[in-house]
Amino acid sequence: MESFDLIIIGGCASGLVAAINASRLYPGIKIAILERMPRIGKKILATGNGRCNLSNLHAAEHPYTNADFAQYALNKYSVKETLRFFESLGLLTYSDSEGRIYPLSNTAASVLDALRFAVNTENINIYCDYEVKTVKKAKNGFTVNSEFFSKKLILAAGGKASPSQGANGSGYLLAKQLGHSLTDLCPSLTALNADQSVTKPLKGVRVHSAELSIYDLGGNQIKRKGELLFTDYGISGIAAMELASTVERIKAKGVKMDTFTTIDFLPDMSHESLCKYIKNLCISTVLRDFDSLLTGLLPKAVGIAICKAVSLYNSSKKIAELTDFEIENLAAVSKAFPLRITSSRGFDTAQVTCGGIKADEINKKTMESVICPDLFIAGEIADVDGNCGGFNLQWAWSSGLLAGELGGKL
Ligand SMILES: Cc1cc2nc3c(=O)[nH]c(=O)nc-3n(C[C@H](O)[C@H](O)[C@H](O)COP(=O)(O)OP(=O)(O)OC[C@H]3O[C@@H](n4cnc5c(N)ncnc54)[C@H](O)[C@@H]3O)c2cc1C
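Scoring rules and cut-offs
- Residues numbered from 1 in each chain as written.
- Predicted model: local features only at pLDDT ≥ 70, side-chain atom pairs only at ≥ 80, totals over all residues.
- Heavy atoms only, no water.
- Helix = DSSP H or I, 4+ residues; strand = E, 2+ residues; numbered from the N terminus.
- Buried < 20%, exposed > 50% of the residue type's maximum accessible area, 1.4 Å probe, protein only.
- Core = buried A, V, L, I, M, F, W, Y, C linked by side-chain atoms within 4.5 Å.
- Contact = heavy atoms within 4.5 Å.
- Near = heavy atom within 4 Å.
- Polar contact = N/O pair within 3.5 Å; in protein donor to acceptor, adjacent residues only side chain to side chain.
- Areas by Shrake-Rupley, 256 points an atom, 1.4 Å probe, with all protein chains shown as cover.
- Pairing = 2+ DSSP bridges.
- Axes fitted to C-alpha atoms, helices over the stretch in contact; angles between N-to-C directions.
- Expected span 1.5 Å × (residues − 1).
- Domains from an automatic or database assignment.
- Arc of directions from axis to C-beta.
- Phe/Tyr/Trp six-rings, centres within 6.5 Å; stacked < 30°, edge-to-face > 60°.

Positive phi values are uncommon outside glycine, yet Leu189 reaches one of about 55°. Here the phi dihedral of Met367 falls at roughly 65°; this positive angle occurs in a residue that is not glycine. Following the sequence through the fold, Met367 ends up in the loop between strand 17 (352–354) and strand 18 (375–377). Exposure remark for Met367: the relative accessible area of 0% places this residue in the buried category.

Shown next as structure tokens:
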């Protein structure tokens, strides 16, 4: 049985930085990365639509699930520290107006290259196409698939979102084998299936900034603002994707009632200003009809959908004849367009898993398990997740670097 000082299960975001940090801090130790995919870091290539939104300047204040737990790692290996780490690997970055951080090259391959070259050192052994099926606590360490022994173990096997990218949920079974328990799991950051009679005619239409809201099971209104994209099956874009876990939780409770989201197509305009705008338009431009009434504000197809929703489209009315009540109604529906949501698109297309190894089973200052000594946990497999914008990778880097620092210490 081959022996290592540290075995890392999972060779993607959190696992790779854990290996690099451990190897740099403790140059003499023997490390192995075990990865079920043919190559390490596959998911990184898919992130940020191939650009890898690797972090966010506002990560420290982000409302992660279990933010209190995550805070220690996020402070110790802060955004600044993480960027310094990547710079030491030769990767430079830039941030956009919303604080999202990307590689200067704008390609995710640069991030993976930086990590790949850094793990290519003498003391890190990489086994690809190698799926871990069993882990057992042994005297002074662990046995892995009854083939390897390691003094310390880092579980960095991810969640079960987008299994085609590698993480398929098998890490949860390994955590259970070592005595851990899990919260409920649900897909997060994925598109939503919705009433197709509404969305199909709008297929391909993008609204630059819309605000979607939905009521969760506790009756709280959850709002998300960002780009909205209509598809034949429903809606996508950041605003829709960030509601997926709320939709999933409602459905998981077996709630039979239809779930509705309301879409504010003009979140930066008040109801009053919108009424005034429509009123002025009706007086000043007699040539406009309901097809073009809202084209100064929104894509034409969206304007038509709003007019249809208030039964004005195809009516014999001229816009100059709109009553104050009808104008009020148009404005109200533009700011609260109802759309029935049937479900999220599920784990297959989700970007992250909501839920995981319970936070109170992990020491937040070391990422060491409080159930199983010498086992460390990193990344998405823990019950921490954030919204779109680089927050999930930042958690993977921060927790991975911390797990590497403590897990590599013999
Ligand atoms: C399409 C897509 C786009 C995304 N874009 C962004 C983005 O732009 N910004 C952002 O912040 N986040 C993004 N995310 C989320 C982010 O990629 C993840 O949160 C992050 O990769 C989690 O890192 P991790 O190391 O914990 O897990 P993963 O990156 O999932 O890595 C886990 C690794 O463990 C391996 N593994 C699993 N089980 C086993 C086993 N039993 N044996 C051996 N190996 C195993 C897997 O193959 C995988 O390589 C995106 C996710 C997806 C799917």
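So much for the structure itself; the text now carries on.
Let us now look at the nonpolar core. Residues Ile44, Leu115, Leu155, Trp395 and Trp397 are the most contacted members of the largest nonpolar core, which totals 80 residues. For this core, the element with the highest residue contribution is helix 13 (residues 391–407), accounting for 9 residues. Beyond its immediate chain neighbours, meaning those up to four positions away, Leu155 contacts Ile9, Gly171, Leu174, Ala175, Ile357, Leu375, Phe376, Ile377, Ala378 and Ile381. Judged by nonpolar contacts, the second largest core, of 45 residues, contains Leu243, Ile263, Leu266 and Ala331.

Our next topic: the site of the ligand. Taken together, 34 residues surround the ligand, and among them Ser14, Glu35, Lys43, Glu380 and Leu393 come closest. The contact in question runs from an oxygen atom of the ligand to an N or O atom on the side chain of Ser14, over 2.7 Å. Taking Asn392, its main chain carries an N or O atom lying 3.3 Å from an oxygen atom of the ligand. Protein burial of the ligand: of its 1,000 Å² of free accessible surface, 95% is covered by the chains. Of all the secondary structure elements, the ones that give two or more residues to the shell around the ligand are helix 1 (13–25), helix 2 (42–46), helix 6 (170–177) and helix 13. Top element by residues in the shell around the ligand is helix 13. It accounts for 4 residues.

Glancing now at the sheet that holds strand 14 (residues 234–236). The strands making up a sheet are joined through hydrogen bonds of the backbone, oriented either antiparallel or parallel. Read around the barrel, 6 strands follow the order 11-14-13-12-15-16 and close on themselves; strand pairing throughout is antiparallel. The average angle at which neighbouring strand axes cross in this sheet is 50°, direction not considered. By the bridge criterion, 2 bridges tie strand 11 (residues 192–194) to strand 14 in an arrangement that is antiparallel. Each bridged residue has a counterpart across the sheet, and for Leu192 the counterpart in strand 14 is Ile235. Lying over the sheet, helix 12 (residues 324–335) contacts strand 15 (259–264) and strand 16 (337–344), oriented at roughly 110° with respect to strand 15.

Another point: helix 13. With 17 residues, helix 13 extends 23 Å from end C-alpha to end C-alpha; this agrees with the ideal 24 Å at 1.5 Å per step. In terms of burial, helix 13 is a largely internal element, 16 of the 17 residues being buried.

This part covers the sheet that holds strand 3 (residues 55–56). Taking strand neighbours across the sheet as the criterion, the 3 strands line up as 3-5-4 in an open arrangement whose pairing is antiparallel. Unpaired on one side and paired on the other, strand 3 and strand 4 (93–95) mark the two borders of the sheet. Of the strand pairs in this sheet, strand 4 and strand 5 (residues 100–103) are connected by 3 bridges, and their pairing is antiparallel. The residue bridging Ser95 from the neighbouring strand is Ile101, located in strand 5.

This part takes up the domain arrangement of the chain. As far as domains go, the chain holds domain 1 (2–185 + 355–407) and domain 2 (191–345). Each of domain 1 and domain 2 has a C-alpha centre, and these two points are 39 Å apart.

For the rest of this paragraph, the subject is helix 3 (residues 67–76). The complete set of buried residues in helix 3 reads Phe69, Ala70, Ala73 and Leu74. Down the axis, helix 3 shows its buried residues gathered within 125° of arc, on one side only. Where helix 3 is buried, its residues meet helix 13.

So, about the packing of aromatic side chains. Applying the stated criterion across every chain, the model contains 12 aromatic pairs. Centroid distance Phe4 to Tyr127: 6.3 Å. Interplanar angle 85°. Geometry classified as edge-to-face. Within this pair, whereas Phe4 is found in strand 1 (residues 2–9), its partner Tyr127 is found in strand 6 (residues 124–127), the two being separated by 123 residues in sequence. A relative accessible area of 2% places Phe4 in the buried class. Note on Tyr127: relative accessible area 23%, which makes it partly exposed. Taking the centre distance of 5.8 Å and the plane angle of 25° together, the rings of Tyr94 and Tyr102 count as stacked. On the basis of relative accessibility, which here comes to 8%, the residue Tyr102 falls in the buried class.

Here we take up the environment of His180. Here His180 lies in the loop between helix 6 and strand 10 (186–188). Given the relative accessible area of 4%, His180 is considered buried. With sequence-adjacent residues up to four places away left out, His180 is seen in contact with Ala175, Ile357, Glu361, Ser369, Ile371, Leu375 and Ile377. Looking at His180, its side chain comes within polar contact range of the side chain of Ser369, at 2.8 Å.

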